[in-house]
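Next come the chains, spelled out residue by residue.
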Amino acid sequence: MKTKSHIRFKLNGEETEVAFSPHKTLLEVLREDLNLTGTKHGCELGECGTCTVLVDGRSILSCLMLGLEADGREVKTIEGMAVGAELHPLQQTFADTGAAQCGYCSPGFLLVAEELLKKNANPSRAEIQVALSGNLCRCTGYIKIYEAVELAAAKMRGEEMELPKEAVFGLD
Amino acid sequence: MDPKGKNNHKLNVVGKPFRKVDARAKCVGQTKFADDIVLPRMLYCKILRSHLPHALIKRIDLTKALALPGVFAIITGKDLPIPYGILPVSQDEHALCIDKVRFVGDPVAAVAAIDEDVAFDAMNLIEVEYEPLNTISSIEEAVMIDDPRIHEYGDGGNVHKKVSLEFGNVQEGFAEADLVREDLFFYEGNTHLPMEQHAAVAHYDSDKKITLWSSTQTPHYVHRALAKVLEMPASHIRVIATPNGGGFGGKSDPFNHEVAVCKLAMITGRPVKVTLTREEVFYCHRGRHPVLMKIKTGVKKDGAITAMAFQSFLDGGAYGSYGVASTFYTGALQTVTYDVPRYKFQGLRAFTNKPPCGPKRGHGTPQPRYALEVHLDKIAEQLNLDPVEIRQRHLVAPNTVTANYLRIGSMGLGKCIDKVVEGSDWKNKFSGWNGSTRKLPFGKGIGIACSSYICGAGLPIYWNNMPQSGVQLRLDRQGGVCVMCGSIDIGQGSDSILAYIVAEVLGIDPFDIRVVTADTDLTPVDLGSYSSRVTLMTGNAAIQAAERARELLAMATAEKLGVPIENISFAERRVFDVENPEVGLTFAEAVVLAESKYGTIGTVGSYTPPRSPGNYKGSGVGPSPAYSYSAAVAEVDVDPDTGIVVVERIWIAHDIGKSINPMLVMGQVEGSVYMGLGEILMEEMTYRTNRNVVHKFPSMLEYKSPTTMEMCDVKTYLIEDPDPNGPYGAKEVGQGPLLPVPPAVANAVYNAVGVRIDEVPITPEKVLKSLREKARGRDSRYGPDSIPSVEWPEPLRILTPAEGGDGKELPRVAVHS
C-alpha cells in the first residue's frame, strides 16, 4: 500500500515533483522532503511568521498550509530569492546593515519584505511596520530590518542611498 | 596603561561598519542551524514530559511503546543515573527523572524512532504511574513549607540558597543619613523566547566516539557534562555548537535533550535528532527569575548615599541551574553606578515546582536595577531633587574599588547621562515634582534610569587556573588565515569580531579570514557566549595570537628588506617599510618567507581576567575586567481610560569603550532596548496555582512579546571611553543596554499619570487599577506590600576599602545560644 501522495508544482522557478505523507505541512515537505532547510520554524502554529514562503506571490505561513495544497502552484523560498549568484537587493541590505543578527527569522522577513516591495516600491516606515507585523524577531528590535528594507527599496528604484550616519554610528 | 591592541597605527578595520562574516549565508538560507542537519539513517527523538508539577514516579511501563513498529529504543532515568548541572554546587538534574518529577515539563522518557510521528505515538504509549505530591508554587510557600521538599539539598526546606553579606557598618550609615527610605518591588519572571527552538543531533561512530551538534551557547560545558553523564573520556566526545538562532542565555545550560540523544545514538548505533516544540522551549526556560525585593537606602539632603541594604527573594523553579550565581548577581552590581559607601545584601533563592530559572540577558541584574532606579526616583521626589541631578552628582569614580570590592576601570556614565538628557530635551519636559508646574500634558511622561553591566565574569564557572578564552591562528602560505576559537556566534557577531581583530593586526581584509568556532575537537576552549564576555576575552586572545604571527612575519620581512623590524607595517594585504611604503611584500609573500624561515606558521593567544581585589566567600560573582554603562530616557503616553502604556521613544547612551564594529553595537543596543521594553510592558512567565502549577500560556501567541507595532523609536548614542582591559578599549554591549529600560519606563509612567507601578510588567490592568485607586483618593501604588519573614544567617562582615579592608571577611565571632 502506498502511503505517500505526489504533487507537481513550481518551486523557485523549477518544475518539481515530490512524494510525501499527505498530512505533512508545506513547511515539512520543503524542509524534510526537498532538503530546502532555509525555511525555518519557530512555533509550527502560525504564531511567529518564521516559516513564511511566497505562494503565487503571496506570503503565507508554510506551517499552516498542507503540502498537498501546493500542487500546481508557484512556491518561492529563501533559496529562490537570489538570481544565480547575485543576491536580491533585500538580501544584500539585510546582510550589510546587520538586519540579520542570529538570522533565524531572516528568511521569513525577507520574503514578506519582497512581497511588500513588489506592491509598494516606496513604502513609508509605518507601512513597513504594518507589513512586517506578523513576523517576530527577538534580536534586532526590528530597527535594522526597517533600515534594510528602506535601503533595498531605494536601490530597486535605482536611487543612490546610504544608511544615515546615526543608524551606523549613533547620534553625535 | 593603553588598551591592548593599540599599536599607534591607524585603524583600518576596527571601528568600521563591516558586514558580519556570516551575514550573507544567513540571508540566503545557507546557514546550518541544528535542526537543519540531516544524517543518513537518522532517527528522531521525542521526550515524554511530566504532566504533573510534583510527583513520585511509581512505575514506568514501556511494553506497548516498544512494541510499536518503527521504535528503536526508549530510555528512562535509570539509563542515565549520573546527575549534572551547570554549576559544580548544584549537580541536581538528571537527563530523565529517576524517581520524582518536579515541574510540568520535567523529562521522564526519551524515544528514538524512525520518524517524528512514530516517536510521538510511542511517547503516548508509555505508561507512567505517578503519586502526586503537594506543590510549592511561590517564594512564600517555599519559605513557609518544608515538606514536601523539592530537593534533598540546599539551605533548609525548600530554600535553595541563602546569602548574607555586609560591607562596612550599614546601621552607622543609616544613622548619618538625612532620609532613610524603604521600598518593595516585584519583577515577574520572563523567558528568552529565541526564535529557534533548541535542537541537537548525536552521531555515534564505529570507534565508539560521539559527536553532538547542538544549539548551545556553551559547548565547553556541554562537553564536560556529557563526559560525566555518559561516563566516557572527554577525548571521545566532540561537541559542535551550531549557530544559535537566538540564545539570550536560554541555551547556556547542558540540557536533558542533549544527553538523551547521545545515549540513544549509543544504544541504536544510528544518528538521533531531537528538536523541541515551542511548548517544550517554555519548559526548558532558565529565564529571568521572578524576584521580590526590598531596598532601603540612607541619603543626605543632596542625594548622596550613606548606606544601602538590599534583600532579594528569587523564585528559582525546580532546579539549581545558574541559580546560585543569579542570587549573588541580584546583589552584586548595585554599587557600580553611584557611590555606595556601606552596603548590605541578603539574598534567598527558593525551589518551586516550575520550570527552572537561570540566566537571561542581564543575568540577575535587571530586577535589582529596576528596583534601585525606581527607588532612587522616589528619593529624588522626597528630597525635591531632579532625577538627573541625583544620579549625575554621585557617580562612582573611574579607577576605584567599590565597597563590595569591584574594581571599576573606565566609567562613562556621566557622559551617557549628558547625552540622553540633551537629546530628549529633558529640561524642557521634566517639570519638577510639583504637579502645578507641569510642562507635558497629563498622560505624557518622561523618566530616566542608568545601569552598568559586566564584561565577562572574573572567575570561571568551575575552579581552574586556565585561560577563559583561547585563540589559535594558522597562516596559509598563499595568504589565507584561519582563526579558531571555542566561542559560539549566537547572532551577536562573535565570529566576525575574531575576523575583524585578526584582520586589523595582520593588515588584511576580514573576508580573507576563515573563522572556525565552537568545535571542541578543533578549537581551543572559550567558555561560551554568556556574561557578555566574548568580545573582551576572545578579542584579547585574538590580539595576542595575531601579534605573535605578525612578529614572525615582521622578522622575516625585515631581514629580507634589510630594514629595522620596528619599521615593518601591515596594511592592505601588504607588509612594508613605513618609511618607504612602496618597498615591501604582499602578505602572502611574507607568509612564505616566514614559513621558509620558521616552519609552519601557527600561533596561539589566550586571555585570563585580572585578579579581583575581593577575597570573601561570594566574591566570585560581580568582578569583571571592565564595566559597561548605560543611561536611558523614556517618553511614554499613558491612556488614563484604558491604562495602556505606549512607549513612544527611548533615548539611550551606551559606554562601549570602543566599538569594534559600530553597526553591530547599534544592533545590540536596539535589540536590548527591545527586550527591555518587552519585559516592562508585557512579557511574563505565569502559572496557574492552587497546586496545579501549569504554565498559563506556553505559546508565542499568548506569551506576549513586542511586534513591530509595539516597538518604540530608539535614539542611540555610543560613548567611546576606551577601557585599558578591553581589546582596542572595547567593552560589552549585548546585555547592558537592556538594564535601564524597564525602570526608565516605570519612572516615565509615574511622570505621566502619577501612579507608581512597583511590579514588572506594567500592564494596562495594573495601571488602570492604580488610577482608579488614585481617583478615590486612596494609595494608588501597585506592588508588593510584604516580604516573607526569614531567618537570615549572620552576615559575613567585610571591611570596605575605605575602612582599610583587605577584601577578606572578618573572622566570625562565636555565638553561643
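Rules and cut-offs
- Residues numbered from 1 in each chain as written.
- Chains lettered and ligands numbered in written order.
- Predicted model: local features only at pLDDT ≥ 70, side-chain atom pairs only at ≥ 80, totals over all residues.
- Contact = placed C-beta atoms within 7 Å.
- Helix = DSSP H or I, 4+ residues; strand = E, 2+ residues; numbered from the N terminus.
- Nonpolar A, V, L, I, M, F, W, Y, C, P; charged D, E, K, R; others polar.
- Axes fitted to C-alpha atoms, helices over the stretch in contact; angles between N-to-C directions.
- Parallel < 35°, antiparallel > 145°, perpendicular 65-115°, else oblique.
- Left-handed = near helix turned anticlockwise from the far one by under 90°.
- Pairing = 2+ DSSP bridges.
- Expected span 1.5 Å × (residues − 1).
- Buried ≥ 20, exposed ≤ 12 C-beta atoms within 10 Å, placed from the backbone.
- Arc of directions from axis to C-beta.
- Core = buried A, V, L, I, M, F, W, Y, C linked by C-beta atoms within 7 Å.

**A look at the interface of chain A and chain B**
For step 1, the next point in the chain: Facing the 42 residues of chain A at the interface are 46 residues of chain B.
For step 2, the next point in the chain: Looking at the side of chain A that touches chain B, the elements with two or more residues in it are α2 (89–97), α3 (106–119), α5 (143–156) and α6 (165–169) of chain A.
For step 3, the next point in the chain: With four residues, α2 of chain A is the single largest residue contributor to the side of chain A that touches chain B.
For step 4, the next point in the chain: A breakdown of the residues in the side of chain A that touches chain B according to their chemical character gives 23 nonpolar, 14 polar and five charged.

**A word on the packing of helix α6 (residues 219–230) of chain B against helix α7 (residues 256–268) of chain B**
Residues and elements named next belong to chain B.
For step 1, the next point in the chain: Direction vectors running N to C along α6 and α7 enclose 50°, while the axes themselves pass 10 Å from each other. Our classification of the angle between α6 and α7 gives oblique. By crossing handedness, the relation of α6 to α7 is classed as right-handed. Between α6 and α7, the residues in contact are V222, L226, V229 and L230 and E258, V259, C262 and K263, respectively.
For step 2, the next point in the chain: Split by residue class, the contact of α6 with α7 holds six nonpolar, no polar and two charged.

**Topic: the sheet that holds strand β3 (residues 71–76) of chain B**
Residues and elements named next belong to chain B.
For step 1, the next point in the chain: Strand order in this open sheet of seven strands is β3-β5-β1-β12-β9-β10-β11, and the pairing throughout is mixed. The sheet terminates laterally at β3 and β11 (237–241), the two strands that pair on one side only. Across the sheet, the mean angle separating the axes of adjacent strands is 20° when strand polarity is ignored.
For step 2, the next point in the chain: Taken together, the three bridges between strand β1 (residues 43–49) and strand β12 (residues 272–275) define a ladder with parallel strand orientation. What sits directly across from L43, in β12, is V272.
For step 3, the next point in the chain: Sheet strands in contact with helix α3 (residues 116–125) are β1, β3 and β5 (107–113), and its direction is about 30° off that of β1.
For step 4, the next point in the chain: The strands touched by α6 within the sheet are β10 (210–214) and β11, with β11 carrying the most contacts at an inclination of about 150°.

**Here we look at helix α16 (residues 587–598) of chain B**
Along an α-helix, residues three or four positions apart point the same way, because every turn accommodates 3.6 residues.
Residue and element names in this part refer to chain B.
For step 1, the next point in the chain: The terminal C-alpha atoms of α16 lie 16 Å apart, and with twelve residues this matches the ideal 16 Å at 1.5 Å per residue to within 8%.
For step 2, the next point in the chain: Regarding α16, the residues found buried are F587, A590, V591, L593 and A594. One face of α16 carries all of its buried residues, which in axial projection span an arc of 160°.
For step 3, the next point in the chain: On its buried face, α16 is in contact with β19 (469–475), α14 (494–506), α15 (534–561), β23 (574–577) and β24 (580–586).
For step 4, the next point in the chain: The positive-phi residue at the C-terminal boundary of α16 is G599, with phi of around 90°.

**Some thoughts on the nonpolar core**
For step 1, the next point in the chain: Among the nonpolar cores identified, the biggest contains 314 residues, and C45, V111, V483, V502 and V749 of chain B are the most heavily contacted of them.
For step 2, the next point in the chain: Among residues more than four places away in sequence, those in contact with V111 of chain B are C45, K46, A65, V71, I74, A119, A122 and M123 of chain B.

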